[in-house]
Amino acid sequence: MNPPPPGGLKSNAAVNRPGERWRAVSEKLMWDEWAQRVYLTWLARDIRYAQVALLEIRARVGRTPPDPMLWIPLEAFLMFAAKVSKMLKPVKLDQGRPKDSKPEQQKAYDRRKFRGERLRALLEVDDSSPVLDRRVRDASEHFDERLDTWTGDHPRITADEMEAGALPIFPPPPMRAIDHGSWVVEVAGETLDMGVIETELQRILTRATELEPLAGVEDVGLATLLAGLPPLPAELGLNAPTRRPDEDVRTGIDLQAAAARQREFDEAIARAIDALAVHREGDDEPTTGTSESG
């Protein structure tokens, strides 16, 4: 794991004093192994969903006549690619830290900025990355506003103009199209090379799985669930030394009761194994007669 930035993690004293841990978490910018795991698994989840949408686009693009359902996976791709983009570079950061807003809003801004900086550094994403270009996604998300501009600026022709042959210049309507030869999508004049962004998404996913094994789990729901489990204190890890080396690790346990529970467990397992063996033997016996369906 990469070392945390100065002041990024709580001190040991804050961990050991009741109540101090949560105050430290809320007041400082946190980046530890658990936080990194959470962000990377969710980032991998959205990348995989974007990749699934791309597969569906490829299955539908280029058909004759054009497949009217094509724009469903395309919108899904743009949405999940935008989620990746916003995870790496949150929106509205260019407006600066809000000065006259509530402390909670300022804290939220600081956390978003901090998270984006850490993820971009870890995943080696610079400002030229095509993943950070959200123009096509914005054009699609706000297509209604493009229609407002077009209908508002579109000239209304009059009968006199038609008779005089002085027709006005009509602005082209906002369009949405995919060139399956170049693999470029265009929305309201903005273009996106899906092949380039596909390559960058795969590179980021590969890097994320190198940093966090859970990001490579195919079941993305399970990966994010496991990543979100509360982290245990380091001293409770399986490889941690005992905190009382002069005492047996079973100190304080009712050994007789524990032994009785262990025997009950072993007997239950043995009965289950015997029952399974009998069931399998029954399945192996040949059957006679016929079955009817109706």
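This structure is a prediction, so every number in the text was calculated from the model and none was measured.

> Hey, could you run me through the packing of helix α3 (residues 33-60) against helix α5 (residues 103-123) in this one?
The description of two packed helices rests on the angle between their axes and on the distance between the axes. It is the contact of α3 with α5, at a shortest axis distance of 12 Å, that shows an interaxial angle of 70°. When the axis of α3 is compared with that of α5, the two are roughly perpendicular. On α5, the residues touching Gln36, Tyr39, Leu40 and Leu43 of α3 are Arg115, Leu119, Leu122 and Leu123. Taken together, the residues of the contact of α3 with α5 break down into 6 nonpolar, 1 polar and 1 charged.

> Help me understand the sheet that holds strand β2 (residues 184-187) in this model?
Where strands meet in a sheet, backbone hydrogen bonds hold them as pairs that are either parallel or antiparallel. Taken together, the 3 strands give an open sheet; going across it, the order is β1-β2-β3, and neighbouring strands pair in antiparallel fashion. Strands at the two margins of the open sheet, each flanked by one partner only, are β1 (176-179) and β3 (190-193). With strand direction ignored, the average angle separating the axes of adjacent strands in the sheet is 15°. Sitting on the sheet, helix α9 (residues 194-211) touches β1, β2 and β3, and the angle it makes with β3 is about 50°.

> I would appreciate a short explanation of the environment of threonine 191 in the present structure.
Take threonine 191: it is sitting in strand β3. With a relative accessible area of 43%, threonine 191 lands in the partly exposed category. Taking the C-alpha atoms as reference points, threonine 191 and arginine 135, 56 residues apart in sequence, are found 8.0 Å from one another. Once residues within four sequence positions are removed from consideration, threonine 191 is found in contact with Val136, Val184, Val185 and Glu186.

> It is not clear to me how the nonpolar core should be interpreted in this structure. Could you clarify?
Nonpolar side chains in soluble globular proteins generally cluster together in the buried interior. Core analysis: the largest hydrophobic core is formed by 42 residues, its most contacted members being Ile57, Leu74, Phe77, Leu88, Ile178, Val185 and Met194. Every element with two or more residues in this core is listed here: α3, α4 (71-88), α5, α6 (135-141), β2 and α9. Apart from residues no more than four positions distant in its own chain, methionine 194 is found in contact with Leu54, Ile57, Leu74, Phe77, Ile178, Trp183 and Val185.

> Is there a simple way to explain a negative patch on the surface in this structure?
On the surface, a cluster of negative charge is made up of Glu141, Asp144, Glu145 and Asp148. When residues of the negative patch are assigned to their parent elements, the largest contribution, 3 residues, is made by helix α7 (residues 143-153). Within the secondary structure, aspartate 144 sits in helix α7. Judged by its relative accessible area of 46%, aspartate 144 falls in the partly exposed class.

> Explanation requested: the side chain of arginine 120 in the structure shown.
With respect to the helices and strands, the residue arginine 120 is situated in helix α5. For the buried arginine 120, which has no salt bridge, the nearest side chain bearing the opposite charge is aspartate 127, at an N-O separation of 4.8 Å. Setting aside anything within four residues of it in sequence, one finds arginine 120 in contact with Leu88, Lys89, Val125 and Leu132.

> Can you help me understand the packing of aromatic side chains in this one?
Aromatic rings in a pair are described by how distant their centres are and how their planes are angled relative to each other. If you walk through the whole model with that rule in mind, you get 3 aromatic pairs. Between tryptophan 31 and tyrosine 39, the aromatic rings sit 5.3 Å apart at their centres with planes inclined by 10°, giving stacked as the arrangement. When the ring of tryptophan 31 is compared with that of phenylalanine 114, the centres are 6.3 Å apart and the planes differ by 85°; the resulting orientation is edge-to-face. Taken together, the positions of tryptophan 31 in the loop between α2 (20-27) and α3 and phenylalanine 114 in helix α5 put the pair 83 residues apart, joining distant regions of the chain. An identical accessibility class is assigned to tryptophan 31 and phenylalanine 114; each is buried. Through a chain of ring-to-ring contacts, the aromatic side chains of Trp31, Tyr39 and Phe114 assemble into a single cluster. The ring of tryptophan 71 carries arginine 176 above its face, with NZ or CZ at 5.0 Å from the centroid.

> Please explain the environment of aspartate 110 as it appears in this structure.
Mapped onto the elements, aspartate 110 comes out in helix α5. Each C-alpha atom, one on aspartate 110 and one on lysine 28, is 9.8 Å from the other, the two residues being 82 residues apart in sequence. Those residues in contact with aspartate 110 that sit more than four places away from it in its chain are Leu29 and Arg97.

> Would you take a moment to explain the pairing of β1 for this structure?
Where a strand is regular, its side chains alternate between the two sheet faces. In the sheet, β1 pairs with β2 via 4 bridges, with the strands oriented antiparallel. Note on β2: the bridge partner recorded for alanine 177 is glutamate 186. Counted between consecutive antiparallel strands, the loop separating β1 from β2 contains 4 residues, among which tryptophan 183 sits at a positive phi close to 60°.

> Explanation requested: the side chain of arginine 48 in the structure shown.
Locating arginine 48 in the fold gives a position in helix α3. Dropping the residues within four chain positions of it, arginine 48 is found in contact with Leu205, Thr209, Ala215, Gly216, Val217, Glu218 and Val220.

> Explain the pattern of salt bridges to me, please; I cannot follow it from the model alone.
In a structure, side chains of opposite charge can pair up when their charged atoms sit close to one another. Scanning the model with the defined rule gives 16 salt bridges in all. The residue arginine 37 makes a salt bridge to glutamate 212 at a minimum N-O spacing of 3.4 Å. Of this pair, arginine 37 sits in helix α3 while glutamate 212 sits in the loop between α9 and α10 (220-227), placing them 175 residues apart in sequence. Pair check on accessibility: arginine 37 and glutamate 212 agree, each one buried. In this structure, arginine 203 engages glutamate 200 in a salt bridge whose closest nitrogen and oxygen atoms are separated by 3.1 Å. Pair noted here: arginine 203 and glutamate 200 are both in helix α9, with a separation of 3 residues, about one helical turn. Residue class for arginine 203 comes out partly exposed when judged on its relative accessible area of 29%. Among the residues examined, glutamate 200 registers a relative accessible area of 12% and is labelled buried. Several salt bridges share partner residues, and in doing so they unite Glu56, Arg60, Arg63 and Asp67 into one network.

The rules behind these values
- Residues numbered from 1 in each chain as written.
- Predicted model: local features only at pLDDT ≥ 70, side-chain atom pairs only at ≥ 80, totals over all residues.
- Heavy atoms only, no water.
- Axes fitted to C-alpha atoms, helices over the stretch in contact; angles between N-to-C directions.
- Helix = DSSP H or I, 4+ residues; strand = E, 2+ residues; numbered from the N terminus.
- Parallel < 35°, antiparallel > 145°, perpendicular 65-115°, else oblique.
- Contact = heavy atoms within 4.5 Å.
- Nonpolar A, V, L, I, M, F, W, Y, C, P; charged D, E, K, R; others polar.
- Pairing = 2+ DSSP bridges.
- Buried < 20%, exposed > 50% of the residue type's maximum accessible area, 1.4 Å probe, protein only.
- Core = buried A, V, L, I, M, F, W, Y, C linked by side-chain atoms within 4.5 Å.
- Patch = residues over 30% accessible without salt bridge, like charges linked within 9 Å, V, L, I, M, F, W, Y side chains within 5 Å.
- Areas by Shrake-Rupley, 256 points an atom, 1.4 Å probe, with all protein chains shown as cover.
- Salt bridge = Lys/Arg side-chain N within 4 Å of Asp/Glu carboxyl O.
- Lys, Arg positive; Asp, Glu negative; His and termini not counted.
- Charge placed at Lys NZ, Arg CZ, Asp CG, Glu CD.
- Phe/Tyr/Trp six-rings, centres within 6.5 Å; stacked < 30°, edge-to-face > 60°.
- Lys NZ or Arg CZ within 6 Å of the ring centre and 35° of its normal.

None of this, on its own, says anything about what the molecule does.
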